[in-house]
Amino acid sequence: MSINTAPIKWAQRSDSIYLTIALSDVKDESINLKDATLTFKGTSEGKEYAIDIEFFKDVNAEGSTYKTLPRSVQMHIMKKESDEEFWPRLLKDKTKEKNQVKIDWDRYVDEDDEADGFDTSALDGGMGMGGMPGMGGMGGMGGMDMEALMAQMGGMGGMGGMPGDMGMPGGNFGDDDEDDGDDDDDDDDDMPPLEES
């Protein structure tokens, strides 16, 4: 049986890395995190998967945790120094990085916008890499599906359906003083009269 490379997603904060091995229903997993490397072996849907990576810089294996969930294996890996800068990439080897690793956009933040740590509530009760069970939740938005939100908003028809006397004729947010050739009175002919109470 051939061994496949497991897909990895990652995001980071100045003090830690959130790494996801994107495999569902992982069985017989073997995870070995050391200060410089991570090895993983496991089966998913009858196929064998493995990872053998070397981190860009050393991590703190003792303070890191992981948990095998129904849809993935998630790891909260602490960087060696808490005042560490953002890494330019996860792996020391740039070639492996391009072929094996993707950014976890659900957890991504820009270095300048970092305010909170990761939401590690999914790791509560997780296995400590060095004997430390779960790290507890730190809050956060989780995986907001922006694409679905935008599609929902697009289905509302935008602002184009609003009457002209609300300062937004036909979705145009320009000055009302400008003469754009439209005569707002034409729109009122199609409108039913207002009922007075």
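The protein chain is annotated in an unreviewed UniProt entry as CS domain-containing protein of Fistulifera solaris. Per UniProt, the comment on the protein chain under Sequence similarities (unreviewed entry) is "Belongs to the p23/wos2 family."

Caption draft 1: Main features of the overall build of the protein chain. From N to C terminus, the protein chain includes three helices and ten strands. If you list the helices and strands of the protein chain from N to C, you get β-β-β-β-β-β-β-β-α-β-β-α-α. A buried classification covers 27% of the 197 residues belonging to the protein chain. Looking at the protein chain alone, contacts between residues at least 24 apart form 60% of all its contacts between residues at least 6 apart.

Caption draft 2: Spotlight on the confidence of the model for the protein chain. Taken as a whole, the protein chain shows an average pLDDT of 75; of its residues, 57% reach a score of 70 or greater. Predicted confidence for residues 130-144 stays below pLDDT 50, and this span has 34 contacts to residues more than four positions away or in other chains. Ignoring residues within four places in sequence, the model shows residues 158-176, a span with pLDDT below 50, making 15 contacts including any to other chains.

Caption draft 3: Examining a negative patch on the surface more closely. Together, E85, D110, E111, D112 and D113 line one region of the surface with negative charge. Checked against the element boundaries, D110 lands in the loop between β9 (101-103) and β10 (127-128). Judged by relative accessible area, which is 33%, D110 ranks as partly exposed.

Caption draft 4: Summary view of the pattern of salt bridges. What the rule picks out here adds up to three salt bridges. Note that K80 and D35 form a salt bridge whose closest N and O atoms lie 2.7 Å from each other. Here the residue K80 occupies a position in the loop between β8 (73-79) and α1 (94-100), and D35 occupies one in the loop between β4 (27-33) and β5 (37-44), the gap between them amounting to 45 residues.

Caption draft 5: Structural context of the pairing of β5. Side-chain alternation along β5 places L38, F40, G42 and S44 on a buried face and T37, T39, K41 and T43 on a face that remains uncovered. Across five bridges, β4 lies against β5 in antiparallel orientation. Looking across to β5, one finds that N32 is bridged to T39. In sequence, β4 turns back onto β5 through a hairpin of three residues. Here β5 pairs with strand β6 (residues 47-54) via eight bridges, running antiparallel. If you follow T39 over to β6, its bridge partner there is D52. Where β5 hands over to β6, the hairpin turn is made up of two residues, of which E45 adopts a positive phi near 50 degrees.

Cut-offs applied
Residues numbered from 1 in each chain as written. Predicted model: local features only at pLDDT ≥ 70, side-chain atom pairs only at ≥ 80, totals over all residues. Heavy atoms only, no water. UniProt positions renumbered as here; feature names shortened; annotations may be inferred. Helix = DSSP H or I, 4+ residues; strand = E, 2+ residues; numbered from the N terminus. Buried < 20%, exposed > 50% of the residue type's maximum accessible area, 1.4 Å probe, protein only. Contact = heavy atoms within 4.5 Å. pLDDT = per-residue confidence, 0-100. Patch = residues over 30% accessible without salt bridge, like charges linked within 9 Å, V, L, I, M, F, W, Y side chains within 5 Å. Areas by Shrake-Rupley, 256 points an atom, 1.4 Å probe, with all protein chains shown as cover. Salt bridge = Lys/Arg side-chain N within 4 Å of Asp/Glu carboxyl O. Lys, Arg positive; Asp, Glu negative; His and termini not counted. Charge placed at Lys NZ, Arg CZ, Asp CG, Glu CD. Pairing = 2+ DSSP bridges.

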